[in-house]
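Residue-level listing of the chains:
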Amino acid sequence: MDEGTELSLTIAQIVQRLKGSHLHSQIERQAKECLHQPDIKLESLKEDVRSFLKTSGWERKLQNAVLKLYFHPAAPPEHLKEPLAYMRKAQANWEKRVLKSLNSMSTELGVPLARKRPVLEQKELTNKWNEMGTDESDLSRFRPVYAPKDFLEMLIGLRNPNHDSSEDVGVRSHWGLIQVPLNVRDIPQMRGCFQHLTNKHVDMKDTSLSLPRLTSSSLPCLVVTEQDSAAAQQYSRQGCPTGLRAELWALILNSTNQPQDVMHYEQLKAGVIQHDLLVDNLIYKDVKLTASNDDYYFVFEDFLYQVLLCFSRDTAVLEHFKYNSATPPKSYIQGKVGNEECAVVYPPNGVIPFHGFSMYVAPLCFLYNEPSKLYSVFREMYIRHFFRLHSISSSPSGIVSLCLQFEQLLQTHLPQLFYHLRQIGAQPLRIAFKWMVRAFSGYLSTDQLLLLWDRILGYDSLEVVAVLAAAVFAFRAENLMEVTSLASAEAVLADLSTLKVMPLIQIFLFATAI
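Just so it is clear, the model here is predicted, and its values are computed rather than measured.

Explain the packing of aromatic side chains to me, using residue names and the numbers behind them.
One pass over the full model with this rule turns up 27 aromatic pairs. The interplanar angle of 85 degrees and the centroid separation of 5.6 Å between the aromatic rings of F354 and F357 together place this pair among those described as edge-to-face. Side by side, F354 and F357 carry an identical accessibility label, which is buried. Between F357 and Y360, the aromatic rings sit 5.4 Å apart at their centres with planes inclined by 75 degrees, giving edge-to-face as the arrangement. With a relative accessible area of 4%, F357 lands in the buried category. In this structure Y360 comes out as buried when scored by relative accessible area, which is 0%.

Residues and numbers for helix α16 (residues 371–384), please.
Across its 14 residues, α16 extends 20 Å between first and last C-alpha, which sits within 8% of the 20 Å expected from 1.5 Å per residue. Of all 14 residues making up α16, 12 are buried, and the element is well covered by its neighbours. Taken together, the buried positions of α16 are occupied by S372, K373, L374, Y375, S376, V377, F378, R379, E380, M381, Y382 and I383. Looking at the buried positions of α16, the neighbouring elements they touch are α12 (245–252), α13 (259–274), α15 (301–313) and α20 (446–459).

Explain empty space enclosed by the protein to me, and be specific about the residues and the numbers.
Using the criterion set out here, one finds 4 cavities of 30 Å³ or more in the structure. Quantified by volume, the largest cavity comes out at close to 220 Å³. Around the largest cavity sit 19 residues that line it, and Q91, E95, G350, I352 and H390 are the ones nearest its centre. Residue contributions to the lining of the largest cavity peak at 5 residues, all from helix α6 (residues 85–109). When its residues are assigned to classes, the lining of the largest cavity shows 11 nonpolar, 7 polar and 1 charged. If you add up the space inside the second largest cavity, you get close to 60 Å³. Lining the second largest cavity, in full, are R143, P144, L282, K285, D286, L289, P353, F354 and H355.

Give a description of the confidence of the model for the chain that names residues and reports values.
On average, residues of the chain score 84 in pLDDT, and 76% of them are at 70 or above. Contacts of residues 169–173 to residues separated by more than four positions or lying in other chains number 5 contacts, the stretch itself having pLDDT below 50. Throughout residues 200–215 the model reports pLDDT below 50, and contacts reaching past four residues in sequence, or to other chains, amount to 44 contacts.

Let's hear about the packing of helix α17 (residues 399–413) against helix α19 (residues 428–437): which residues, and what values?
Where α17 meets α19, the axes come as close as 11 Å, and the angle between the chain directions of the two elements is 135 degrees. By the criterion of interaxial angle, the relationship of α17 to α19 is oblique. Like other packed secondary-structure pairs, α17 and α19 cross with a definite hand, here right-handed. Residues I399, L402, C403, F406, E407 and L410 of α17 pack against P428, L429, A432, F433, M436 and V437 of α19.

Run through the environment of T446, naming residues and quoting values.
Relative to the helices and strands, T446 is located in helix α20. With a relative accessible area of 7%, T446 lands in the buried category. The spatial distance from the C-alpha of T446 to the C-alpha of L364 is 9.7 Å, given a sequence separation of 82 residues. Discounting residues that sit within four places of it in the chain, T446 has contacts with Y296, Y297 and F366.

Please set out the layout of surface pockets residue by residue, giving values where relevant.
Taken as a whole, the second largest pocket encloses approximately 470 Å³ of empty space. Forming the walls of the second largest pocket are 22 residues, and the residues nearest its centre are R117, E121, S137, N281 and Y284. Looking at the lining of the second largest pocket, the elements that each hand over two or more residues are β1 (114–116), α7 (119–127) and α14 (278–289). The leading source of residues in the lining of the second largest pocket is α14, at 5 residues. Residues belonging to the lining of the second largest pocket are distributed by class as follows: 10 nonpolar, 2 polar and 10 charged.

Break down the side chain of H390 for me, with residues and values.
Its location among the elements puts H390 in the loop between α16 and α17. Ignoring anything within four residues of it in the chain, the contact list for H390 reads Y146, F151, V351, F354, F357, Y360 and Y382.

Outline the nonpolar core, listing residues and values.
Ranked by internal contacts, the top residues of the largest apolar core, which has 146 residues, are W435 and F473. With 10 residues, the top contributor of residues to this core is helix α21 (residues 463–475). The residues touching W435, leaving out its near neighbours within four places in the chain, are F440, Y443, A469, V472, F473, L493 and L496.

Any chance you could break down unusual backbone geometry for me, citing the residues and the numbers?
Residue P347 follows Y346 across a cis peptide bond; omega there is -10 degrees. Within the element layout of this structure, P347 appears in the loop between β4 (343–345) and α16. In this structure, A439 is a non-glycine residue whose phi angle is positive, near 50 degrees. For A439, a relative accessible area of 0% puts it in the buried group. Of note in this structure, F440 is not a glycine but carries a positive phi near 70 degrees. With respect to the helices and strands, F440 occurs in the loop between α19 and α20. F440 sits in the buried class, given a relative accessible area of 0%.

Conventions adopted
Residues numbered from 1 in each chain as written. Predicted model: local features only at pLDDT ≥ 70, side-chain atom pairs only at ≥ 80, totals over all residues. Heavy atoms only, no water. Phe/Tyr/Trp six-rings, centres within 6.5 Å; stacked < 30°, edge-to-face > 60°. Buried < 20%, exposed > 50% of the residue type's maximum accessible area, 1.4 Å probe, protein only. Helix = DSSP H or I, 4+ residues; strand = E, 2+ residues; numbered from the N terminus. Expected span 1.5 Å × (residues − 1). Contact = heavy atoms within 4.5 Å. 1 Å grid on protein atoms, 1.4 Å probe; cavity = no way out; pocket = protein on both sides within 12 Å on 5 of 7 lines; lining within 4 Å. Points joined across faces, edges and corners; volume = space filled by probe spheres on them. Nonpolar A, V, L, I, M, F, W, Y, C, P; charged D, E, K, R; others polar. pLDDT = per-residue confidence, 0-100. Axes fitted to C-alpha atoms, helices over the stretch in contact; angles between N-to-C directions. Parallel < 35°, antiparallel > 145°, perpendicular 65-115°, else oblique. Left-handed = near helix turned anticlockwise from the far one by under 90°. Core = buried A, V, L, I, M, F, W, Y, C linked by side-chain atoms within 4.5 Å.

Written out as structure tokens, the structure is:
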């Protein structure tokens, strides 16, 4: 290894270690807070923020942290991905269970994990690529590898072996289903984090950017023209205008759709046409069970097949396992079971789809009608955010923290409701989990869902999902106090399509009564 390569690797390791540190969180919070300073300008946003951090002393603290990390041995890679041993163990056990389910299905049905398509089949698929929704293949034998409720049961069983929960008896945190000692934000901390949301005109733009002679309507156009990703992210916190949302999201995600991106998509398409995977049937089945039955998304059935089939073959997705608590599943080449040298990642992207997975893509179909662009944006959304919704980790945006945060928000601010539902066997998390694991896709009307996802991108966090879930319970609290069973509680919360996302979140976080 040459000196330059070794230095690059060292820098990458230091950056990764800093990302999980308390210092990183402090600097990130300071950087976000300084955006409210009157002398911060959009046209020089990056330089102004850097200057502010330098004058505030954070640059020196960062230098000291880098030097300390440089002269101390690096932690094992698995510790960088997930520092808590019991979380790593739980994730590994879950992965074994999912892979076992997939292999059992392959054996029981006599369907190979992968096969090369005959030439005639390749031609047929090529000809119907844009009309795959018309294919009436028999999928009755195939079942989802797992559903959200299966994953929830796994999370409910999580325990820290070094934590004595008996010391917490009588404490409200003991009421919930999630029994792990993670620190999550409370309401006051949430108010500080999401202070932009106090704006009465939640879909108007952030005036703290202090841009002279610019109206709120011209600001997003300037952001797009300047191609400033940081400004686009800041802007997204207040909600994107419908006509510019696609461009702003692509800018935030650095999804450029250059010729090489189009070529990459075409190569993935060729891979789909040449080889048939068992997981293809899981994708077909999932789309049929979810998006095809949804009043908003059924028209995008063909797009969903195209994007998800290509996604399953994309080895570039494997990059996110460097910071994901999960590890990509592996299978063996036929006849080579047990020979580690013949173990290969399966599927090639390392992601086994579950029931509802296609709903991560469906809302994006409203924004992008070019398959390669749609694919590029979805892949970035997944490797930045959505993977955390079905991985076991201690990340603040991970599903474990979101569940804990949701339960604590309800217990703290709606204790009577929480206790009532618990007493009748209707634990709130059992109802809200399906919303959170899909980031509310398929439950809200599309326009409201996109406003929610604006904030996920704007704040680079999924925590707003837990806040919204708690806000929904608060909004329906009066009716929920009257229910006497889980079924009746679910009936009260069955239809969320008429809800307005931002007023709900604003009232829950900032109403004086809370």
